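The residues making up each chain are set out below.
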Amino acid sequence: MVYVTLAGAILSEILATTAMKYSEGFSRLWPSLGTMVGYLVAFALLAQTLKSMSVGTAYAIWSGAGTAVIAAIGIVFLGESASAAKILGVLLVIAGVVVLNLDGAH
């Protein structure tokens, strides 16, 4: 169940970050409200996750997955560049999350 809660936190953070892009510096009401609600839900779910998962593991998964998905959304839907450096950076983030989780499995 802890991974379901963490997945909800990740999804909420991704939706909030995407809404922030469309808020135009918080000058548009609905995307701005979506950003605020999304981050509130994300942090509430992350806080629940931390009751039964180590902070290092939870935050690594939360931030790593969020970073990778937001980078993909930027490339696929927002017309951002897909440079070799950007792709390598995302792969390194994912590798870091995997390594941190391997250490936590002992």
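Per chain, residues are indexed from 1 in the order of the written sequence. Owing to the predicted nature of the model, reporting of local features is limited to residues with pLDDT of at least 70; listing and counting of side-chain atom pairs is limited to 80 or more, with chain, interface and lining totals taken over all residues. The side-chain quantities take in all heavy atoms of the structure and omit both hydrogens and water.

## Quick word on the overall build of the protein
Counting secondary structure elements, the protein contains four helices and zero strands. Starting at the N terminus and walking to the C terminus, you meet the elements of the protein as α-α-α-α. Taken along the three principal axes of its C-alpha coordinates, the protein extends 45 × 35 × 15 Å. Burial here depends on accessible area, computed with a 1.4 Å probe over protein chains only, as a share of the maximum for the residue type. Under 20% is buried, over 50% is exposed, and the range in between is partly exposed. The 106 residues of the protein split such that 30% are buried. Working rule for contacts: check all heavy atoms of both residues, and any pair within 4.5 Å makes them a contact. At a minimum sequence separation of 6, the contacts of the protein that also span at least 24 residues come to 62%. Accessible areas in this description were obtained via Shrake-Rupley with a 1.4 Å probe; residue shielding takes into account the shown protein chains only. Of the accessible surface of the protein, which amounts to about 6,600 Å², a share of 75% is contributed by carbon and sulfur atoms. When charges are counted, Lys and Arg are positive and Asp and Glu negative, with His and the chain ends excluded. To locate a charge, take atom NZ for lysine, CZ for arginine, CG for aspartate or CD for glutamate. Charge separation in the protein, taken as the distance between the mean sites of 4 positive and 4 negative side-chain charges, equals 7 Å. A run of H or I in DSSP counts as a helix once it spans at least four residues, and a run of E counts as a strand once it spans at least two, with each numbered from the N terminus.

## Remarks on a nonpolar patch on the surface
The patches reported here contain residues having more than 30% relative accessible area and no salt bridge. Joining distances are 9 Å for like charges and 5 Å for nonpolar side chains (Val, Leu, Ile, Met, Phe, Trp, Tyr). Counted as salt bridges are all cases of a side-chain nitrogen of Lys or Arg within 4 Å of a carboxyl oxygen of Asp or Glu. Side chains of Ile87, Leu91, Ile94, Val98 and Leu102 sit close together on the surface and give an oily, nonpolar patch of about 450 Å² of accessible area. Considering the arrangement of structural elements, one finds isoleucine 94 in helix 4 (residues 84-104).

## Considerations on unusual backbone geometry
The backbone phi angle of glutamate 24 is positive, close to 50 degrees, even though this residue is not glycine. Here glutamate 24 is to be found in the loop between helix 1 (2-22) and helix 2 (29-49). Not every positive phi belongs to a glycine, and phenylalanine 26 is a case in point at roughly 60 degrees. Within the secondary structure, phenylalanine 26 is located in the loop between helix 1 and helix 2. Here phenylalanine 26 falls in the partly exposed class, since its relative accessible area comes to 49%.

## Focus: the packing of aromatic side chains
Aromatic ring pairs are reported here in terms of the distance separating the ring centres and the angle at which the planes meet. In this analysis, rings of Phe, Tyr and Trp, with Trp reduced to its six-membered ring, are considered paired at centre separations within 6.5 Å, and the interplanar angle assigns stacked below 30 degrees, edge-to-face beyond 60, and tilted for intermediate values. Applying the stated rule across the entire model yields three aromatic pairs. Between tyrosine 59 and tryptophan 62 the ring centres are 5.4 Å apart and the planes differ by 50 degrees, which places this aromatic pair in the tilted class. Of the two residues, tyrosine 59 and tryptophan 62 both sit in helix 3 (residues 55-77), three residues apart, roughly one turn of that helix. According to the relative accessible area criterion, tryptophan 62 is buried, its value standing at 6%. Among the aromatic residues, ring-to-ring pairing joins Tyr39, Phe43, Tyr59 and Trp62 into one connected group.

## Concerning the confidence of the model for the protein
Each residue carries a pLDDT value, the predictor's own confidence for that position, ranging from 0 to 100. The predicted model of the protein has a mean per-residue pLDDT of 94, with 97% of residues at 70 or higher. Mean pLDDT values over the elements of the protein span from 88, in helix 4, up to 98, in helix 2.

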